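The primary structure of each chain is shown beneath.
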Amino acid sequence: MPGFGAMRPMLIGVMLAYLAVIAAVAVWASRRTSTTSDYFAAGRRLGLWTLSISSMAATLSGFAFIGGPGLVYRLGMGAVWIVLPVTITGTLSAWVLAEPLRRYAETHGAVTIPGVLRARYQSPVVQGVAAVAIALAVIAYTATNTLALGLVLEAVLGLDRAPALWLGAGITLAYSVAGGILAGVYADMVQGAVMAVASVLICWWVWAAGERVGGFGAAIGAADASWFTPFGTMSPFAAMSLFFVFGLGTLGQPHVLHKFLMVRDRAVLRWFPLVSNAAMLVSLLLFVAVGVAMRGLVAAGAEAPLSRPDDATPIFLLHHTPRLVAGLVFAATAAAIMSTVNSFLSVGAAALSRDLPEALGRPAPDTLTTARLWTIGIAVVAAIVAAASEAVVGFLGIFGWGLFAAALVPALALGLNWPQATARAAAASMLTGVLVTLAVESASWFKQVALPPGVTGTALALVASLCVFIGVTFTSPASTHA
Amino acid sequence: MTGAERRQRLGLAMTAAGAALAAVAFVAALLGAATLAPWGLAGGIALLTGGMFALRAGAGRLEGRVAIGITMLCLAAFALALTASRDASGRVPLATWWIAALLLGVPGVVLPLAWRRLMDRS
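This structure is a prediction, so every number in the text was calculated from the model and none was measured.

Asker: Describe helix α3 (residues 61–84) of chain B, and please don't skip the residues or the numbers.
Answerer: Helix length check: α3 of chain B (24 residues) gives 34 Å between terminal C-alpha atoms against 34 Å at 1.5 Å per residue, within 8%. Within α3 of chain B, the full set of buried residues consists of Glu-63, Gly-64, Val-66, Ala-67, Ile-70, Thr-71, Leu-73, Cys-74, Ala-77, Phe-78, Ala-81 and Leu-82 of chain B.

Written out as structure tokens, the structure is:
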């Protein structure tokens, strides 16, 4: 990231104010966390606003504020196909998953996604495979986000990489361990509000920057005719593949779906899609607006071409917004990362402390101490991986999200609504998702295969696990248990 | 067979056809069929998304209508995008905004309202 110079005192001030609020939330939540149900399922007392905003905050990681605008800058409107499915999948997740998940929480006392899968398929194997898939993806994705948080703190606070990384991990771990998911969802409320306000505010300065160069549309159109076309500079298949992966893959993200297990009652779900859609759209304004602005400013000659597309947001903030707004957006970026990491830690700790021992027939002591120790363990392992090698983190990051999607979408989205679906199909589809993702992404990363644009390990694994789930259900007897 | 069972079968058929079509599209892309692959994936996504709306246990007429509606909406948006992308005119193409409106605006408001009706009814 670029240097901040004279802007640093203001950035540090805003960041410290934000962290003070998070600390207060952690202290408040820790006093209300006395059981593992509080720790993993927030005592099942989430209302509409807490559910909607915390789901949005958990969904959007630092990618939405840093990587996303960089992609729009580089790929044009093609990158927007990542955002376009948001309004369909928001309602789809409520329609297909929220009600069955809430029902399993109420009738079976399930507090984890693998726990729901065990109750649905009456199979410890399905629970165990889901727990392993979730634990693998959680460690991979937490390492990526820990490194991203370290990079933000390194830039804002002027620290070296290693102390910045451990400071970020320590702050997130402190409130996650103290208050569990209860601290997480209320911190998510603060973080989601910061993200939404920052995203709306930035649009004002994007508009002002556009006025100064005579409009971005004309400047970009003159420089690159394809940029504003429906697929931007991408191939149609690659753009549509983004819609496929980000649209349907959302139905397999346990750190978001887990929140449906925490709702107070079904009436909470009534307005959830509308509020959630509005929150997502508002918070994603920055994703599109800053990417368009930087491309327009470069096309008009007001900015030098970016050497790294990920610098789009920092450079726009430095050169085109007041210090307070820049501070708020950086705090929002840290907030987006922290809220995602907290949710990962919660589902990862639950998978390892409850689901895996249960699946193996050796339930561990169901205590807060056990849950907290697993949370610390995952966070420390992820931070060690993040500190050890950026290359390793880059490799892990590409399959974290995809692993969730490929492993869990069929068993959850189809299985919870298709009474004939079998345990054998669920286990087979999850294994297919994990193995295809790992095999294809590894082969691609180590340059053993060159895939055409749009054909990613995640997309191939997702389509393969869907076909396996449907095919095995049709070919296995209805009473088959894995 | 009851009406609800028929509609759920429709959802299952749409989902299975969507998964199969998407799989064919990815194989076509791997084989370098650049024209066929995006159309196949467009159809696959539309059928998969619509199918999942219809698949909900005890699916009623509302689920059936939403499933068909969302399939047609996705197909229209994808077809518009695939057709418009062939003509890079140098201006901001109107099709870009129509696609965004179809995929963001309509489902963003209509689907949550349909969901609320479903919650009230059940």
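Having seen it, we continue.
Asker: So what's going on with the interface of chain B and chain A? Which residues, and what values?
Answerer: On the chain A side, the residues contacting the 47 residues of chain B number 46 residues. Secondary-structure elements contributing two or more residues to the side of chain B that touches chain A are α1 (3–30), α2 (36–55), α3 and α4 (94–121) of chain B. Of all the elements, α4 of chain B adds the most residues to the side of chain B that touches chain A, at 12 residues. The residue makeup of the side of chain B that touches chain A, split by class, is 36 nonpolar, 8 polar and 3 charged.

Asker: Which residues make up the confidence of the model for chain B, and what are the values?
Answerer: Residue and element names in this part refer to chain B. Confidence in the prediction for chain B averages 83 pLDDT; 90% of positions are at 70 or higher. Element-level pLDDT for chain B is lowest in α4, with a mean of 83, against a maximum mean of 91 in α2. Model confidence for the complex: the whole-complex pTM is 0.90, and ipTM, which rates the interface, is 0.91.

Asker: Summarise the packing of helix α8 (residues 161–212) of chain A against helix α12 (residues 272–283) of chain A; cite the residues concerned and give the values.
Answerer: Residues and elements named next belong to chain A. Contact geometry for α8 and α12: axes closest at 8 Å, N-to-C directions at 50°. Regarding the angle of α8 to α12, the classification is oblique. Residue-level contacts link Gly-192, Met-195, Ala-196, Ser-199 and Val-200 of α8 to Ala-279, Val-282 and Ser-283 of α12.

Asker: Give a detailed account of the packing of helix α15 (residues 323–359) of chain A against helix α16 (residues 368–388) of chain A, specifying residues and quantitative values.
Answerer: Residues and elements named next belong to chain A. Across the interface, α15 lies against α16 with an axial gap of 8 Å and an inter-helix angle of 120°. As α15 runs across α16, the sense of the crossing is right-handed. Note on element contacts: α16 touches α15 through Thr-370, Ala-371, Trp-374, Thr-375, Ile-378 and Ala-379, opposite Leu-345, Gly-348, Ala-349, Leu-352 and Ser-353.

Calculation notes
Residues numbered from 1 in each chain as written. Chains lettered and ligands numbered in written order. Predicted model: local features only at pLDDT ≥ 70, side-chain atom pairs only at ≥ 80, totals over all residues. Helix = DSSP H or I, 4+ residues; strand = E, 2+ residues; numbered from the N terminus. Expected span 1.5 Å × (residues − 1). Buried ≥ 20, exposed ≤ 12 C-beta atoms within 10 Å, placed from the backbone. Contact = placed C-beta atoms within 7 Å. Nonpolar A, V, L, I, M, F, W, Y, C, P; charged D, E, K, R; others polar. pLDDT = per-residue confidence, 0-100. Axes fitted to C-alpha atoms, helices over the stretch in contact; angles between N-to-C directions. Parallel < 35°, antiparallel > 145°, perpendicular 65-115°, else oblique. Left-handed = near helix turned anticlockwise from the far one by under 90°.

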